[in-house]
Amino acid sequence: MYYVSFGAVRRRTGQAVLVAVLAAILTTASVAACWYALAIASRAAGAVVDAAPAAERVVSAQKQADTAGDPRAALDAFGTQIRGLLTLPGAVPLTGLEADMTYTQAGKNTAGTFTGLPLTYRDDFCAHVRLTGSCPAATGDTAISADVAQRTQLKPGDRMVVNPAAGAGAVPLRITAVYTVKDPAGIYWTDKLFLSHGDFDPAFTTLDTFRDPALAQPTLSYDLPIPAPLLRGDDLYDLNGVLNAAEPRFAAAQLQMGNPAGKLFDRVRAQRATVLKDVLIALGQLVVLGWFAIGLAGRFTGRDRRADAGLLKLRGTSRGAILRLVTGQHLIPLLIAAVAGLPLGVAGAWIVAGRLPVRSEWWPGLLFSVGAAAVVVLGALAALVAADAIAQRAPVATLLRRVPSARRDWRSGVVDLAFVALAGGAVYQARTGGSGSGLGVVAPALVALAIGLVLARLLRWTADRAGGAAVRAGRLRAGLTAVQISRQPGADRAFALVTVAVAMVAIAAGGLSAGRVERTDRAQVELGAPRVLDVKQTTATALEHAVRQADPSGHYAMAVLLDSTSSPPLLAVDSTRLASVATWRPEYGPVTALGPGDLAPPRPLPAITGNAVTVRVDSARTQESLLGLTVQNEATGAVTRLEFQQIRTGEQSLTLPLKGCTTAPGCRLVSFELFTTTDVNGEPVTDPLTIESLTQSGPAATILDGSSLGDVRRWRGDFGGLALRLQATPKGLVARSVVAEQSAQVSGTKIYPVDTPLPLPIAFAGDPITDWRFEDASTNRFGGQTVPITLADQPHVLPVLGTLGILADLDSVRRIAADAQLGGQAQVWLTADAPPGIVDALEKQGLTVLADRTTAGLAARWAAQADVISAPFELFTVLLAVLVAATMVAVVAIVEREPQAEQLRALRVQGLDRRVAVTSAYAGVAALVAAGLLAGLLAALLARVIVGVTAPAFPDHWRLIPPPDPLGPGALGLAAAVAAVALAIVAVISVRPLVRQMRETAR
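Draft legend 1. Seen up close, the overall build of the chain. Summing up its helical and strand segments, the chain has 26 helices and 32 strands in all. The buried share among the 1003 residues of the chain stands at 51%. Summing over all exposed atoms, the chain offers an accessible surface of approximately 44,600 Å²; the carbon and sulfur share of this is 58%.

Draft legend 2. Structural context of the sheet that holds strand β29 (residues 785–793). Pairing within the open sheet is mixed, and its nine strands lie in the order β28-β29-β27-β30-β15-β14-β31-β13-β32. Edge positions in the open sheet fall to β28 (778–782) and β32 (849–854), since each of these has one partner strand only. When the angles between neighbouring strand axes are averaged without regard to direction, this sheet yields 35°. Running over the sheet, helix α16 (residues 540–550) touches β13 (531–535), β14 (557–563) and β31 (825–830) and is turned about 160° from β14.

Draft legend 3. Spotlight on the packing of helix α15 (residues 491–527) against helix α21 (residues 855–863). Where α15 contacts α21, the two axes come as close as 8 Å, and the packing angle between them is 130°. When the interaxial angle is binned, α15 and α21 end up oblique. Crossing of α15 against α21: the hand is right-handed. Listed contacts from α21 to Arg519, Thr520, Arg522, Ala523, Gln524, Glu526 and Leu527 of α15 are Thr855, Leu858, Ala859, Trp862 and Ala863. Along the lines of polarity and charge, the residues of the contact of α15 with α21 split into six nonpolar, three polar and three charged.

Draft legend 4. Local environment of the environment of methionine 101. Structurally, the position occupied by methionine 101 is in strand β3 (residues 101–105). Methionine 101 sits 102 residues away from alanine 203 along the chain, and the two C-alpha atoms are 9.9 Å apart. Residues contacting methionine 101, with those up to four places away along its chain left out, are Thr115, Gly116, Leu117, Pro118, Leu119, Val162, Asn163, Pro164, Ala165, Val171 and Leu215.

Draft legend 5. Broad picture of the state of the cysteines. Applying the stated rule across the entire model yields two disulfides. A sulfur-sulfur separation of 1.8 Å characterises the disulfide bridge that pairs cysteine 126 with cysteine 135. The disulfide joining cysteine 126 to cysteine 135 has a torsion of about 85° about its S-S bond and is therefore right-handed. For cysteine 126, a relative accessible area of 23% gives the class partly exposed. Since its relative accessible area comes to 36%, cysteine 135 is described here as partly exposed. Here the cysteine-cysteine linkages of the chain are recorded as 1-2, 3-4, numbering only bonded cysteines and doing so in sequence order.

Draft legend 6. Spotlight on the packing of aromatic side chains. For the structure on display, the rule yields eleven aromatic pairs. Judged by centre distance (5.0 Å) and plane angle (75°), the ring pair of tyrosine 188 and tryptophan 189 falls under edge-to-face. A network of ring pairs unites the aromatic residues Phe125, Tyr179, Tyr188, Trp189, Phe194 and Phe204 as a single cluster. Positioned above the aromatic ring of tyrosine 188, the side-chain terminus of arginine 122 is 4.9 Å from the ring centre.

Draft legend 7. Spatial organisation of a nonpolar patch on the surface. Taken together, the side chains of Leu342, Trp363, Leu366 and Val370 define a hydrophobic patch exposed on the protein surface, amounting to about 400 Å² of accessible area. Here the nonpolar patch gets three residues from one element, more than from any other, and that element is helix α10 (residues 362–391). Along the polypeptide, tryptophan 363 turns up in helix α10. Residue classification places tryptophan 363 among the exposed residues on the basis of a relative accessible area of 64%.

What counts and what doesn't
Residues numbered from 1 in each chain as written. Predicted model: local features only at pLDDT ≥ 70, side-chain atom pairs only at ≥ 80, totals over all residues. Heavy atoms only, no water. Helix = DSSP H or I, 4+ residues; strand = E, 2+ residues; numbered from the N terminus. Buried < 20%, exposed > 50% of the residue type's maximum accessible area, 1.4 Å probe, protein only. Areas by Shrake-Rupley, 256 points an atom, 1.4 Å probe, with all protein chains shown as cover. Pairing = 2+ DSSP bridges. Axes fitted to C-alpha atoms, helices over the stretch in contact; angles between N-to-C directions. Contact = heavy atoms within 4.5 Å. Parallel < 35°, antiparallel > 145°, perpendicular 65-115°, else oblique. Left-handed = near helix turned anticlockwise from the far one by under 90°. Nonpolar A, V, L, I, M, F, W, Y, C, P; charged D, E, K, R; others polar. Disulfide = S-S within 2.5 Å. Phe/Tyr/Trp six-rings, centres within 6.5 Å; stacked < 30°, edge-to-face > 60°. Lys NZ or Arg CZ within 6 Å of the ring centre and 35° of its normal. Patch = residues over 30% accessible without salt bridge, like charges linked within 9 Å, V, L, I, M, F, W, Y side chains within 5 Å. Salt bridge = Lys/Arg side-chain N within 4 Å of Asp/Glu carboxyl O.

Written out as structure tokens, the structure is:
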């Protein structure tokens, strides 16, 4: 029996090769899916691990112990105890000591002030900080933070004494360095024991310093960073089980185990499951399509096998024996395909994924590959045997007949209707339950298949009638071509497969391209600029000054303050640099919306740079008055308040010393404050006080003269509640208190210079605020100051803020806030071409960089998510689907090669021109391919509308801006080009023997 099967395969090599090619394509895809899933699952898990906060990747333990004067022995004993409770392969621990101390700050004005200053030791401290000075090396050597150094005025070389917070004794220390943290978000700084948990940042010293008896009761710390391979699950290591099993042991040892990795492990597992699901969906579509194609190939190439079955039936052979014979004929090419598909699948996965799984996953990959190949081969064998079994049920006369029956097969119509109904159900699920539920995940492919089947029937009907009309009209080329399409068995099914393959390629390629654009768009919206630096919290004034000093040109850097926790959120930007630095999108509105326009304030007041200021006033008050003056350093944002006391009736000049303004750029005037006074009856005094001038020591003595003070445009009172009554006169600025009629209380006391546009222009995204009334719109988001605002623009979305928030000018905001503290995260936005030394320049200006993010890096992080990272495999499978469709075209061309050759030879005998015969031989397949290409593009466009195909959605369903079109001209053109090349090559190869016969045939 097997020799007979082998002989049959040898006689029908062409048909066997086509079946083997189809099976090899499916086997390659199934094997590639196994290796790709293992490799990409590890990569997706790694992306989750890399994006997770460092604190989730560290297991920690702490305890307070008596070191008995030997801190090294205490740390070693603690480490041995922890290793006995928990061991992680490849993990390198970090150990340390901490003692709560107090520091008595010396000085004339601060003596007796006790401040918390933790004293700590940490492994490899100097490698994780920037030092100004030398690394602590000897007993008593200590490094203090830059913040501590600034607040205490201590520097390298100074000495300090600290005392235990609980207990007696004193520990002398010598400051050898001032440190700033290199990577605050890194694993090294996840232990809060070594962060500020008092008034001051910790001071880091040597281990020998803890030999001091006053430090004999420190807190021991043991931090165990979990290696990334364990978190990713590369080595099939049950990390979650190991950590869960260790917790009771820690509890029994009276140790608290910090294990924040549980949620991270769950996310890693979810990513791996998502990769597996996406790969299986892509593979499932191809395998089902391939099995369908193999079944059709078995049906269309079964003419000779049906004849064999008819002869065997005449000889009395049982149906089971006939099926065994047929199965043997199919099994040989399928086994060859399975053997060829194993290495091809591994190579395909390597190319698409760019890597292979880790070595520990090779054996599972091999087992999964063999199993997947076996499933594919068995499915293909079942499809082939089922097609032959159905065909062999026919009578012997039908089996032996060479001419196909003209009766239409009603079964194909039922199958077509079933696929159309299935596509309808998939569309319903995609529209109602989302594209990720049920049949919704394959809705585009099913819709394309349904469209292909409908168009195939339409194509066959049209070709039948057009062919007859063309032949009757004498147009033989067109007539013969149309007749081939209408009467060639399997042409309609091949057409449907080509339609589905082309549509799937277009949708997959378009989704891949649109997803890349969408990730870039989201990164631009969420960051606002090509590169964003998060810097340590500082004043808005210091932030703006540092950035402007680091980039005086204004082309590369911009100061930004982001407060996302307020309601509504606030984004304050240096609007003079916004157009140059930010990635501005049309959805944000005009980039110049924050410009002052007609609201530009008067020329700024002169800077205050002297060490003393003098105010000249004329008081009409019967009681002594108090006039306050607030100035702010334009470099640091430090605020200084002066009080001119005992202002009597009449004209007088008062002088006070001023500190902190002598260095450039000096200070600016923030406000005057006229304090309320009462008369002998306790009633508020409302008599006026005139400010005539303000001068300073130094060359530029005049700050305010009569003309500046007498310009009413330069001055304003409080906007919230009652304000001082201001009057501009040639002599100066007259101010008088206003008493509320009902409460008999004075409300406003301050006089502000107008040094920013008012009402303040802002851009606002979100629903209108209910208490805004036309021109009376105001907000107190700027340091608690109620300020009138004007809506310069109302875009749908704003950078970083999204669909709700306020965009305002940083310089205006910090001037309005004045001495109030602005919350939020300080940032520096940079252009993509910012000079390499810009970060160093910012740090020289006193800014500490906490994080450095780019739009490219953020987009790459999203690209590593499971739903995205598996998209290349989907494209790989749809390209294989094109090969399946091309093979089916070859099947159609080959199975009818001999009958068609006989027909054309007969026509040649009757006078058909050779060129017409050759052209018709090519044109039949070419027309089928061209029609399939056009139908596939049409099916993709219709599927986009019917199913609602869009760019791939983010896992958190983010979609603030319109998504890019997934089926643009590029995606459609690429799909058409790839499919056309593959189909054309196969079509030419399959038709060439027929063309050769026509050229060699004499008339």
